[in-house]
Amino acid sequence: MDQLIKALALNKQVRVYIANTLNTVNTAVVKHDLWPSATSVLGKVLTMASIMGAMLKNDAAITIKLNGNGYIGNVVVDATSRGTVRGYVDHPHVHFVNNRGGLNDEMTLGNHGMMDVIKDLKLKDLFTSSIEITGDIAKDFTYYFYESEQTKSIVCLSIEVETNNLASISGGLVIQLLPNASEDTISTLEKLVPLLNDFREQMRSSSLSDILSFLFHEDYEILETIPVSFSCPCSKENFRKALITLGTHNLEEIIQEDHQIETVCHYCGEKYLFNELEIKQLIKEIKNE
Ligand SMILES: [Zn+2]
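Peer 1: Honestly, the overall build of the protein chain in this entry has me stumped. Any pointers?
Peer 2: For the protein chain, the helix and strand inventory stands at 10 helices and 12 strands. For the protein chain, with 289 residues in total, the buried portion stands at 37%. Long-range contacts, defined here as pairs at least 24 residues apart, represent 67% of the contacts in the protein chain between residues at least 6 apart.

Structure representation (structure tokens):
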């Protein structure tokens, strides 16, 4: 099971979120038949969503939408505060390699476009904020935290994808300065930045708490450990409600033309079939309302 650790560190003046999302990302690879570049981009956004979900309280939820000028099209990810995430991309079959042999996120996502972050804090209105993206996902989220949440952050995302399209490493780390952070803490944090160049290697060989010990020695306190997983709450009942909104005329047309309808959940690829009898039942319900 994947995990996410929330901690305080450096004299409780920084907040730390570190997550291992390997199984979560590989579930997405299988559900959506992702090719390596799509695994890299969706994997990083799923990882960030799990972390940003964990920043929320109670039953709040978050949706992150990236829409760049790259080949992958839209990248849409939902997460809850309880560690469940789900997501999809418009075009899962993309594979671009950069001149160093690594996966090219910028080519995949595009170097120009927007990211919308929508928070459902279970209040009357949703909170939405948008920033421009560059195709460097970690940098774009760092900018998002600074611009939209006035928080200075370090964001590290690491994913390694094998030739069978499955990830062998996937994880993320976000370190955020709390408003009370002293100059000393800021300079200690700056000295940590070079250590994060090895984040991928650390994710390969160390546990999350070992990485925290490596970065902060004894100066950290774990607040919470949350299980992370790919989970979609879609159901046939939800699609039934959606079909009812089509109205009797459209439903009668479906019966005449195809005798059935198959609905597909974008987020998880799950298919729900409604046969003629079930569609007739929907029409009856609409007429009885
Ligand atoms: Zn679903």
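From this point, the discussion proceeds with the structure in view.
Peer 1: What is the right way to look at the domain arrangement of the protein chain in this model?
Peer 2: A common way to state how big an interface is: give the accessible area lost once the parts meet. Domain boundaries assigned for the protein chain yield domain 1 (2-230) and domain 2 (236-288). The gap between the C-alpha centroids of domain 1 and domain 2 is 37 Å. Each side of the interface is counted separately: domain 1 has six residues, and domain 2 has four residues. Those elements that place two or more of their residues in the side of domain 1 that touches domain 2 are α1 (22-32) and β5 (84-89). Examining the composition of the side of domain 1 that touches domain 2, we find that three residues originate from one element, β5, more than from any other. Of the residues in the side of domain 1 that touches domain 2, the class split is one nonpolar, two polar and three charged.

Peer 1: Can you walk me through the packing of helix α9 (residues 247-257) against helix α10 (residues 276-288) in this structure?
Peer 2: Any two packed helices are characterised by the angle at which their axes cross and by the distance between the axes. Direction vectors running N to C along α9 and α10 enclose 165°, while the axes themselves pass 10 Å from each other. Here α9 is positioned roughly antiparallel relative to α10, judged by the angle of their axes. Judged by the sense of rotation from one axis to the other, the crossing of α9 with α10 is left-handed. Between α9 and α10, the contacting residues are G247, T248, L251, E252, I254 and I255 on the first element and E276, I279, K280, L282, I283, I286 and K287 on the second. Split by residue class, the contact of α9 with α10 holds seven nonpolar, two polar and four charged.

Peer 1: Is there a simple way to think about α1 in this case?
Peer 2: Counting along an α-helix, one turn takes 3.6 residues, and residues three or four places apart therefore face a common direction. Burial of α1 is extensive: eight of the 11 residues sit out of reach of the surface. The complete set of buried residues in α1 reads L22, T24, V25, N26, T27, A28, V29 and H32.

Conventions we followed
- Residues numbered from 1 in each chain as written.
- Predicted model: local features only at pLDDT ≥ 70, side-chain atom pairs only at ≥ 80, totals over all residues.
- Helix = DSSP H or I, 4+ residues; strand = E, 2+ residues; numbered from the N terminus.
- Buried ≥ 20, exposed ≤ 12 C-beta atoms within 10 Å, placed from the backbone.
- Contact = placed C-beta atoms within 7 Å.
- Domains from an automatic or database assignment.
- Nonpolar A, V, L, I, M, F, W, Y, C, P; charged D, E, K, R; others polar.
- Axes fitted to C-alpha atoms, helices over the stretch in contact; angles between N-to-C directions.
- Parallel < 35°, antiparallel > 145°, perpendicular 65-115°, else oblique.
- Left-handed = near helix turned anticlockwise from the far one by under 90°.

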